[in-house]
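Spelled out from the first residue to the last, the chains are:
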Amino acid sequence: MHNKIIFAKAYSLHVEQVYRYVLSRVENTQAAEDITAETFLAALEHYDNFRGKGTLAAWIFGIARHKIADYFRSNQIAPSLEVASDVASTEPSPLQEVQFQIELEQVLQGLQRLSPDRVDALTLHIFGELSIIETSQVLGKSEAAARMLIYRAVQDLKALLTEQEGIEK
């Protein structure tokens, strides 16, 4: 019974983060909802396997990451970040919303040009709201390696966006 209470708290704390992360990696909201549900079902079924190495959140995100890989393998499609614009939940003014949408589309296009390991690290950290430590645990890399992947992803994005801005002017 104690494990179910802990798991219920973990679910309520992390379901939105996991959903945002999954949504940032797959093609549509229905798939994101399904994968999120599958993630928590698998976590509940295998909760006894959680050994406390790292945080519970990192363990759950690791399961989500594997479920996403299963989704892409079974559907034979490449990951896309186009639906991540649905992730934002703030209520800006209409002008701010248009500007934000344009910037987000530019970022998403830029992300599609980055290496998969950098995209994975950045989306776990940004959309999944995981700490560097948790991101490193999910990726199975050292903290320094995860930090470097995120740093390089941001630098690559800055370069791509600056290049894109120069082309548009």
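Residues numbered from 1 in each chain as written. Predicted model: local features only at pLDDT ≥ 70, side-chain atom pairs only at ≥ 80, totals over all residues. Heavy atoms only, no water.

> Kindly report on the packing of aromatic side chains, identifying the contributing residues and their values.
A ring pair, where both rings are aromatic, is described by two values, the distance of the centres and the angle of the planes. Enumeration according to the criterion identifies six aromatic pairs in this entry. Their ring planes at 45 degrees and their centres at 5.4 Å tell us that phenylalanine 50 and tryptophan 59 sit as a pair that is tilted. Ring geometry for tyrosine 71 and phenylalanine 72: centres 5.3 Å apart, planes at 65 degrees, overall edge-to-face. Accessibility classification places tyrosine 71 together with phenylalanine 72 in one group, the buried group. Taken together, Tyr47, Phe50 and Trp59 form an aromatic cluster joined through their ring pairs. (Phe/Tyr/Trp six-rings, centres within 6.5 Å; stacked < 30°, edge-to-face > 60°. Buried < 20%, exposed > 50% of the residue type's maximum accessible area, 1.4 Å probe, protein only.)

> Got a sec to walk through the pattern of salt bridges? Specific residues and values, please.
Counted according to the given criterion, the structure contains eight salt bridges. With a shortest N-O distance of 2.4 Å, arginine 73 and aspartate 70 are connected by a salt bridge. Residue arginine 73 and its partner aspartate 70 are located together in helix 3 (residues 56–75), separated by three residues, close to a single helical turn. In this structure aspartate 70 comes out as partly exposed when scored by relative accessible area, which is 37%. The salt bridge involving arginine 147 is made with glutamate 143; its shortest N-O contact spans 3.7 Å. Of this pair, arginine 147 and glutamate 143 both sit in helix 7 (residues 143–168), separated by four residues, roughly a single helical turn. For arginine 147, a relative accessible area of 46% puts it in the partly exposed group. (Salt bridge = Lys/Arg side-chain N within 4 Å of Asp/Glu carboxyl O. Helix = DSSP H or I, 4+ residues; strand = E, 2+ residues; numbered from the N terminus.)

> Please set out helix 2 (residues 29–45) residue by residue, giving values where relevant.
An ideal rise of 1.5 Å per residue puts 24 Å on 17 residues; helix 2 measures up with 24 Å between its terminal C-alpha atoms. Taken together, the buried positions of helix 2 are Ala31, Ala32, Ile35, Thr36, Thr39, Phe40, Ala42 and Ala43. Viewed end-on, helix 2 has its buried residues packed into an arc of 160 degrees, placing them on one side of the element. (Expected span 1.5 Å × (residues − 1). Arc of directions from axis to C-beta.)

> For the packing of helix 2 against helix 3, give the residues involved together with the corresponding values.
At a minimum axis separation of 9 Å, helix 2 and helix 3 run at an interaxial angle of 130 degrees. Put simply, helix 2 runs oblique to helix 3. The element helix 2 and its partner helix 3 pack so that their crossing is right-handed. Of the residues in helix 3, those in contact with Ala31, Ile35, Glu38, Thr39, Phe40, Ala42 and Ala43 of helix 2 are Trp59, Ile60, Ile63, Ala64, Lys67, Ile68 and Tyr71. Its residues assigned to classes, the contact of helix 2 with helix 3 shows 11 nonpolar, one polar and two charged. (Axes fitted to C-alpha atoms, helices over the stretch in contact; angles between N-to-C directions. Parallel < 35°, antiparallel > 145°, perpendicular 65-115°, else oblique. Left-handed = near helix turned anticlockwise from the far one by under 90°. Contact = heavy atoms within 4.5 Å. Nonpolar A, V, L, I, M, F, W, Y, C, P; charged D, E, K, R; others polar.)

> Let's hear about unusual backbone geometry: which residues, and what values?
If you check the backbone angles, glutamate 129 has positive phi at about 55 degrees while not being a glycine. Of note, glutamate 129 is situated in the loop between helix 5 (116–126) and helix 6 (132–139).

> Lay out the packing of helix 5 against helix 6 in plain terms, naming residues and giving numbers.
The description of two packed helices rests on the angle between their axes and on the distance between the axes. Two elements in contact, helix 5 and helix 6, have axes separated by 9 Å at closest approach and are oriented at 135 degrees. For the element pair helix 5 / helix 6, the angle class is oblique. Between helix 5 and helix 6 the crossing geometry is right-handed. Side by side, helix 5 and helix 6 meet where Asp120, Ala121, Leu124 and His125 of the first sit next to Ile132, Thr135, Val138 and Leu139 of the second. Here the contact of helix 5 with helix 6 is built from residues that sort into five nonpolar, two polar and one charged.

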